[in-house]
Amino acid sequence: MAVFMLQLLHGEDTVIEADVAARTPAGEIVLERFDQSGGCERVRSYRADAVSAVFRRGLTDGGGNYTWVPQPADGTWWCY
């Protein structure tokens, strides 16, 4: 499970726990969880024009501190 923060264009930030975040070829941001049998469930999805930035909570290099790691602003990607 990972923690993701999405900055929405209307000025609000939202923090969501999910197993995977992805950006589809259409630019949609999707967040999904997996059940115990490996089935995938979509937690939330956001239109491409509603999100200005996506971050994953992760370790910084070295010191063991956590920070928000930015994800690509365009193109297709996924992270967990």
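Refer to the preceding data block for the structure.
Let us look at the structure shown here. Fair warning: this is a prediction, and the values are worked out from it, not measured in the lab. (Residues numbered from 1 in each chain as written. Predicted model: local features only at pLDDT ≥ 70, side-chain atom pairs only at ≥ 80, totals over all residues. Heavy atoms only, no water.)

## Things to note about the sheet that holds strand β4 (residues 29–34)
Line of reasoning, step 1. In spatial order, the strands read β5-β4-β3-β8; together these four strands make up an open sheet with antiparallel pairing. Two strands in the sheet have a free side with no partner beyond their single neighbour: β5 (40–46) and β8 (77–79). Going across the sheet, the axis of each strand differs from the next one's by a mean of 20°, ignoring polarity.
Line of reasoning, step 2. Two elements, strand β3 (residues 20–23) and β4, share four bridges in a ladder whose sense is antiparallel. For A21, the partnering residue across the bridge sits in β4 and is L31. (Pairing = 2+ DSSP bridges. Helix = DSSP H or I, 4+ residues; strand = E, 2+ residues; numbered from the N terminus. Axes fitted to C-alpha atoms, helices over the stretch in contact; angles between N-to-C directions.)

## Section: the nonpolar core
Line of reasoning, step 1. The biggest cluster of nonpolar side chains holds 14 residues, and the ones touching the most others in it are F4, L6, I29, L31, Y46 and V51.
Line of reasoning, step 2. When residues of this core are traced back to their parent elements, those giving at least two are β1 (2–8), β2 (13–18), β4, β6 (51–59) and β8.
Line of reasoning, step 3. Examining the composition of this core, we find that four residues originate from one element, β1, more than from any other.
Line of reasoning, step 4. In this view, F4 contacts T14, V15, I16, A18, V20, A21, L31, F55, R56, W68, C79 and Y80; residues no more than four positions away in its chain are not counted. (Core = buried A, V, L, I, M, F, W, Y, C linked by side-chain atoms within 4.5 Å. Buried < 20%, exposed > 50% of the residue type's maximum accessible area, 1.4 Å probe, protein only. Contact = heavy atoms within 4.5 Å.)

## Quick look at the pattern of salt bridges
Line of reasoning, step 1. The final tally for this structure, using the stated rule, is two salt bridges.
Line of reasoning, step 2. The residue E32 makes a salt bridge to R42 at a minimum N-O spacing of 3.9 Å. Of this pair, E32 sits in strand β4 while R42 sits in strand β5, placing them ten residues apart in sequence.
Line of reasoning, step 3. Taking relative accessible area as the criterion, E32 reaches 18% and is therefore assigned buried.
Line of reasoning, step 4. Across the pair D49 and R47 runs a salt bridge whose closest N-O atoms are separated by 2.9 Å.
Line of reasoning, step 5. A relative accessible area of 58% places R47 in the exposed class. (Salt bridge = Lys/Arg side-chain N within 4 Å of Asp/Glu carboxyl O.)

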